[in-house]
Amino acid sequence: MPRYCRFTVFGKHRWGLVVDGGIQPVDDSPFDGGVPRPSGEVIPLEAVRLDVPTTATKIVCVGRNYADHAKELGNEVPTEPLIFLKPPSALLPHEGVIRYPVGQSTLVHHEGELAVVIGRTTKNVSEAAALDHVFGYAILNDVTARDLQRKDVQFTRGKGFDTFCPVGPWVDTDFRPVDQRLTVTVNGELRQDGHFAQLIFPIPMLIAWISRVMTLERGDIIATGTPAGVGPLVVGDRVEVTIEGLGTLTNTVDA
Ligand code: MG
């Protein structure tokens, strides 16, 4: 288990452990060394507002990391990882509202992904040692204004709107990606369905490869790519990304 979350109570951000029946607040950030001490108190989940369960200096996204998704958008399967950044200002928690950029885009897509949360400063790490630098895993939706992504040379605008990076509901420090299933539903209808064994570049390779480009700091996020089935979101939609053994990330779309 341990599943760490961040939540707001009386206007203050706190860390907690997700336990049966609710959240057990812990005395410190789980990133700051040692094992945080849980308090005896359990706050019911419905009594808190969950925050994004990490504090990231950057979100490094991997594009076209599932062959069937590369194909559905008419792209070649890459020979090395294709990476781009989303700004931390795009982060949105579980149950947060994705804001449709009305007047700027008319084609916003969901992209359900597995998120790797980095546990410590990582630079030039080997593939063999890469997983020692992982704090845990979360669920991410790489929301994309597809029309702007196609129009611009850079992905910055199409991928970078505020609220375009839902992450949550928690970070699971025991989860081990093997071949779990990832699904995305919109208003209950199945849209995306993939397995992690389909990843073109596996997670240790991605961490090692990215760390040769940029220093990863604790709390940083790597979004590992999306399987086939991406499709449009419209105002009023409810989008759910589910990863077997990890949970469900739910968000709604509004103008
Ligand atoms: Mg993506």
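Residues numbered from 1 in each chain as written. Predicted model: local features only at pLDDT ≥ 70, side-chain atom pairs only at ≥ 80, totals over all residues. Heavy atoms only, no water.

**Notes on the environment of Gly-225**
And step 1. Secondary-structure assignment places Gly-225 in the loop between strand E16 (221-223) and strand E17 (231-233).
And step 2. What makes Gly-225 buried here is its relative accessible area of 0%. (Helix = DSSP H or I, 4+ residues; strand = E, 2+ residues; numbered from the N terminus. Buried < 20%, exposed > 50% of the residue type's maximum accessible area, 1.4 Å probe, protein only.)

**Structural notes on the side chain of Gln-24**
And step 1. Among the structural elements, Gln-24 can be located in strand E3 (residues 22-25).
And step 2. When its relative accessible area of 18% is taken as the criterion, Gln-24 is described as buried.
And step 3. With residues near it in sequence (within four places) discarded, Gln-24 still touches Gly-16, Leu-17, Val-19, Pro-38, Ser-39, Gly-40, Glu-41 and Val-42. (Contact = heavy atoms within 4.5 Å.)

**As for the coordination of the magnesium ion**
And step 1. The protein atoms that coordinate the magnesium ion are Glu-111 (OE), Glu-113 (OE) and Asp-142 (OD), at distances of 2.0 to 2.1 Å.
And step 2. Every donor residue of the magnesium ion comes from the same chain, spaced as E-x1-E-x28-D. Residue Glu-111 is found in the loop between strand E9 (108-110) and strand E10 (112-118), and its partner Asp-142 is found in the loop between strand E11 (134-141) and strand E12 (144-145); the two are separated by 31 residues along the sequence.
And step 3. For Asp-142, a relative accessible area of 1% translates into the label buried. (Donors = N, O, S within 2.8 Å, 3.2 Å for Na, K, Ca; no water.)

**Examining the sheet that holds E17**
And step 1. Taken in spatial order, the three strands line up as E12-E9-E17 in an open sheet, and their pairing is antiparallel. Every other strand in the sheet has two partners, leaving E12 and E17 as the edge strands with one partner each. (Pairing = 2+ DSSP bridges.)

**Some words on the domain arrangement of the protein**
And step 1. Under the domain assignment used here, the protein contains domain 1 (3-51) and domain 2 (59-254).
And step 2. Here domain 1 and domain 2 have C-alpha centroids that lie 25 Å from each other.
And step 3. Between domain 1 and domain 2, the contact holds nine residues from the first and 15 residues from the second.
And step 4. Interface area, domain 1 with domain 2, both sides summed: about 1000 Å², of which 63% is carbon and sulfur.
And step 5. In this structure, the connection of domain 1 to domain 2 is made through one salt bridge. (Domains from an automatic or database assignment. Buried area = accessible area lost by both parts, 1.4 Å probe. Salt bridge = Lys/Arg side-chain N within 4 Å of Asp/Glu carboxyl O.)

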